[in-house]
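# Working through the structure, step by step
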Amino acid sequence: MAKVKITGHASGSGVITVTAPNTSTDRTITLPDTTGTLLDENSSLPAANLTGTVATARLGTGTASSGNYLRGDGAWKPLFTATGGTITTSGLYTIHTFTSSGTFTPSSSGTVDYLVVAGGGSGGWTASTNSGGGGAGGFRSTVTATGGGGSLESALAVSATGYTVTVGAGGAALTSSGQGNSGSNSVFSSITSTGGGGGGGSSSTSAGSVGGSGGGGASNAAGAAGTSNQGYAGGAGSLTAARYAAGGGGGAGAVGVNGGNGTGNGGAGVATSISGSSVTYAGGGGGAVDQNPVAAGGAGGGGSGAKNAGASAVAGTANTGGGGGGLSSSGTSGAGGSGIVIIRYLT
């Protein structure tokens, strides 16, 4: 019968203590054979000593591999990555920002958050009176807030295929009398945000155009409606006060301000932190006025309106979906700002 021998190391002074359990039942300790290695708390585990099968419950469900990760719920899942747009990280998130159209291609199935903002509408142009500001592009989001006072949207399920991302252009500026041009839609997968409505122009009774957010009315006209869960209506113009202010374009976060005794400012946009910091998008354009102060664009890229024989109309800011400012008498109306699409996921 083999015997167990414990021999102290000649250069060591430590003591190995074997303590028997407090029990009257016999206990058996089986040591490795000559091909094994005894381990202590400072030893690494030799792969040669591992034999047999480890219970599945110990490793989680699914297939363990270098391309998978073990989730907190004990399931092995493929690592989720994607290509497309400008890629950055913030905390636990990877973020893809599209300032122009492209393709988002995931490596596997998963869910993503998104912000989809359409192009803003341009301001109107009227030779004899003041024109309305352009409405902001529609705003749809799963992070922080969505447009039009709607409920926050749910994350989107995606699979390992290419998804076309369309970033809507802003409505083109006008150089002659007419209704402002509406912005173009922005699209990601099944999510479409509607372009902002153009500001009222061509005559004092020209209403704004319906859009993601509605265009403001000319100096004696109503503002147009926005799209549910994307943006608000434009403000109305009025001839009842010396300013003769046209209505401001609607924003994703607020109705455009009425003209007349009102300011005619563009409606405010909405802030979201999907990019890793808080940024405001989709402000409406200001309406044109006869007297100072100039009607300001809404926070989130809205352009200010023109003053008769004074300040020029200002374009909406690129990649915010801001509406352009309305024009008064001569010059060029404010173009709408282009949209943006941002996608993020946990990594």
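Higher on the page you've got the structure.
None of these values were measured; they are calculated from a predicted model.

## Observations regarding the overall build of the protein chain
In terms of regular secondary structure, the protein chain is built from one helix and 15 strands. Within the protein chain, buried positions represent 42% of all 347 residues. Taking as baseline every contact in the protein chain between residues at least 6 positions apart, the subset at least 24 positions apart corresponds to 52%. When the accessible surface of the protein chain is summed, it comes to about 16,300 Å², and 52% of that surface belongs to carbon and sulfur atoms.

## Points about the sheet that holds strand E11 (residues 186-188)
Strand order across the open sheet formed by five strands is E3-E6-E10-E11-E12, with antiparallel pairing between neighbours. Pairing within the sheet leaves two strands with one partner each, and these edge strands are strand E3 (82-83) and strand E12 (191-193). Two strands pair when backbone bridges link them, and E3 and strand E6 (residues 102-106) are joined in this way by two bridges, in the antiparallel orientation. In the strand pairing of E6, Ala 82 is matched with Pro 106.

## Things to note about the pairing of E6
Looking at chain direction, E6 and strand E10 (residues 163-166) are connected through three bridges and run antiparallel. If you follow Thr 103 over to E10, its bridge partner there is Thr 164.

## Structural notes on the side chain of Asn 130
Take Asn 130: it is sitting in the loop between strand E7 (110-117) and strand E8 (139-141). Of the residues examined, Asn 130 reaches a relative accessible area of 1% and is grouped as buried. Side-chain polar atoms of Asn 130 contact the side chain of Asp 290, separated by 3.2 Å. Every residue in contact with Asn 130, bar those within four places of it in the chain, is listed here: Ala 218, Ser 219, Arg 243, Tyr 244, Ala 245, Ala 246, Ala 288, Val 289, Asp 290, Leu 327 and Ser 328.

The rules behind the values
- Residues numbered from 1 in each chain as written.
- Predicted model: local features only at pLDDT ≥ 70, side-chain atom pairs only at ≥ 80, totals over all residues.
- Heavy atoms only, no water.
- Helix = DSSP H or I, 4+ residues; strand = E, 2+ residues; numbered from the N terminus.
- Buried < 20%, exposed > 50% of the residue type's maximum accessible area, 1.4 Å probe, protein only.
- Contact = heavy atoms within 4.5 Å.
- Areas by Shrake-Rupley, 256 points an atom, 1.4 Å probe, with all protein chains shown as cover.
- Pairing = 2+ DSSP bridges.
- Polar contact = N/O pair within 3.5 Å; in protein donor to acceptor, adjacent residues only side chain to side chain.

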